Amino acid sequence: MDVNKETLSLGAMEKITSLAKRRGFIFQGSEIYGGYQGFWDYGPLGTELKKNIKNEWWKSMVYGREDVVGLDAAIIMSPVVWDKSGHLKNFVEPLIECKTCHKRFKADDEASVQRHEKEHGGKGNWTEPKTFNNLTEVLLGTTEPKEKAYLRGEITQGVFVNFKNVTDSTRVKIPFGIAQIGKAFRNEITPGNFTFRSREFEQMELEYFVKPDEKRSKESFEDWKEIRKKWYEDLGIDGKKLRFHDHEPDKRAHYARYATDLEYDAPFGWSEFEGIHHRGDFDLGNHGLKYTDPETGEEYTPWVIETSGGVDRALLFFLIDSYFEDPSAGSGQVARVILKLHPRLAPYKVAVFPLLKNKLELVEKAREIYKTLKKDLNVVWDDRGNIGKRYFAQDEIGTPWCVTVDFESLDDGTVTVRDRDSAKQTRVDIDKLTNFFQTELSK
Ligand SMILES: [Zn+2]
């Protein structure tokens, strides 16, 4: 049974969050002190999954292209950047405060406002809406007053302010892109839906610079929409659960010529995990930056198409989308859970077991295989319980293959390789194992 289709309910998110904590994907931030709202820590497996998502993105967006280079800009930039970018003025939300208990809410978040009024017997006593800037302030320096700066509210600006550095130091020519992955911070008033809306999050973004040309830039925008949707599909997200949600002209940011959100059909509703925006010359224009065509000498302000994805959101949706339950194959009352993560995303690629942990020859052979595979792949060792329980434990964290060393292995130099999704078992020569997995992973 696929919980995503058949038993989709509020229970689905509880199952995901419970699995995430139990198996070490995601923990609440500062949990031993009661947690800290809007912050999350990635456990041993979550860290691997996140790293794999970022690697796949980088491989596709940078290594797989001739026209994109990478960048890693600082999280704290001169406050002038945020003034010029318009964030000090425009990165704001209207906020109201409950006069009774001083809790704050977004003025336009009617559901939360009504819920809160119920706590006071259905009556609200609110302040007038006041604008609230979402940038997170930090204080720097040793002399008073300390200098006020900001944790970046988006990673994008780091690319724009380095536009000239990149064109001067590399051989990129328009059209070209600058890719970046990094943390950003928003002083969210109402973080929620697990890691979906957090105060600290990671973005993976491409800024693709094109000539100011209405028709060709629109084509580039459409191309990037398809490239990005395909990327998620290639890594296993069900295409039926993806859609584009175009921003209506009156809803899009004033500078955006076109904007669309790539949305996922999450248990808590259709939710954005990537924005594709045609930002025109707004950003480079704000910073007074221009481009000179090296061949014609023509000078202009390039237009930019942006693809802005959330690493944490992608991770959450990969977890949700890969979660399957098979009640017919569980142990007792518990259904068998299979995380059908794409093998390239799976935290561990292979688990290695000796059939019996008290047979020294089997353990030695299995250790040898484990150490050899570990040179190239993230491999895990398991010798607890019986084979069935070990499969169960590996399925639940998405390990695509389990290798079992049995008595036959000692005679003929082969092992059993068991496939997570089909539960099919095949015999593979021990000396061909690395090659076998590398081939599977390159599919
Ligand atoms: Zn109140």
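Residues numbered from 1 in each chain as written. Predicted model: local features only at pLDDT ≥ 70, side-chain atom pairs only at ≥ 80, totals over all residues.

Enquirer: When you look at the overall build of the protein in this model, what are you seeing that I'm missing?
Expert: Of the regular secondary structure elements, the protein holds 14 helices and 24 strands. Along the longest, intermediate and shortest principal axes, the C-alpha atoms of the protein span 75 × 70 × 50 Å. Sorting the 443 residues of the protein into buried and exposed places 32% on the buried side. The long-range fraction of contacts in the protein, counting pairs at least 24 apart against all pairs at least 6 apart in sequence, stands at 63%. (Helix = DSSP H or I, 4+ residues; strand = E, 2+ residues; numbered from the N terminus. Buried ≥ 20, exposed ≤ 12 C-beta atoms within 10 Å, placed from the backbone. Contact = placed C-beta atoms within 7 Å.)

Enquirer: Help me out: how do you make sense of the domain arrangement of the protein in this one?
Expert: For an interface, size is often stated in terms of accessible area lost upon the parts coming together. Its domain assignment divides the protein into domain 1 (10-77 + 151-319) and domain 2 (348-441). Look at where the C-alpha atoms of domain 1 and domain 2 centre, and you get two points 37 Å apart. (Domains from an automatic or database assignment.)

Enquirer: Help me out: how do you make sense of the environment of Lys-349 in this one?
Expert: Its place among the elements puts Lys-349 in the loop between β19 (334-339) and β20 (350-354). You can call Lys-349 buried: it has 23 C-beta atoms within 10 Å. Along the sequence, Lys-349 and Arg-197 sit 152 residues apart, while their C-alpha atoms lie 30 Å from each other. Not counting chain neighbours up to four residues away, the residues in contact with Lys-349 comprise Pro-343, Leu-377, Asn-378, Val-379, Pro-400, Trp-401, Phe-437 and Leu-441.

Enquirer: In this structure, what is going on with the sheet that holds strand β5 (residues 92-97)? I would like to understand it.
Expert: Within a sheet, adjacent strands bond to each other through the backbone by hydrogen bonds, running parallel or antiparallel. Pairing is antiparallel across the open sheet formed by three strands, whose spatial order is β6-β5-β7. Across the chains shown, the open sheet's two edge strands, defined by having one partner strand only, are β6 (104-106) and β7 (130-133). Between one strand and the next, the sheet's axes are offset by a mean angle of 50 degrees, whatever the strand orientation. Summarising the sheet, β5 and β6 pair through three bridges and their orientation is antiparallel. Bridge pairing in β6 places Ile-96 opposite Phe-105. (Pairing = 2+ DSSP bridges. Axes fitted to C-alpha atoms, helices over the stretch in contact; angles between N-to-C directions.)

Enquirer: Is there a simple way to explain the packing of helix α2 (residues 44-63) against helix α10 (residues 311-322) in this structure?
Expert: In helix packing, the relevant descriptors are the interaxial angle and the interaxial distance, both defined with respect to the helix axes. One way to put it is that α2 packs onto α10 with a least axis distance of 10 Å and a crossing angle of 110 degrees. Taken together, α2 and α10 sit at an angle that is classed as roughly perpendicular. The crossing of α2 and α10 is right-handed. Residues Leu-49, Lys-50, Ile-53 and Lys-54 of α2 lie in contact with α10, whose contacting residues are Val-311, Ala-314, Leu-315 and Phe-318. Residue composition of the contact of α2 with α10, by class: six nonpolar, no polar and two charged. (Parallel < 35°, antiparallel > 145°, perpendicular 65-115°, else oblique. Left-handed = near helix turned anticlockwise from the far one by under 90°. Nonpolar A, V, L, I, M, F, W, Y, C, P; charged D, E, K, R; others polar.)

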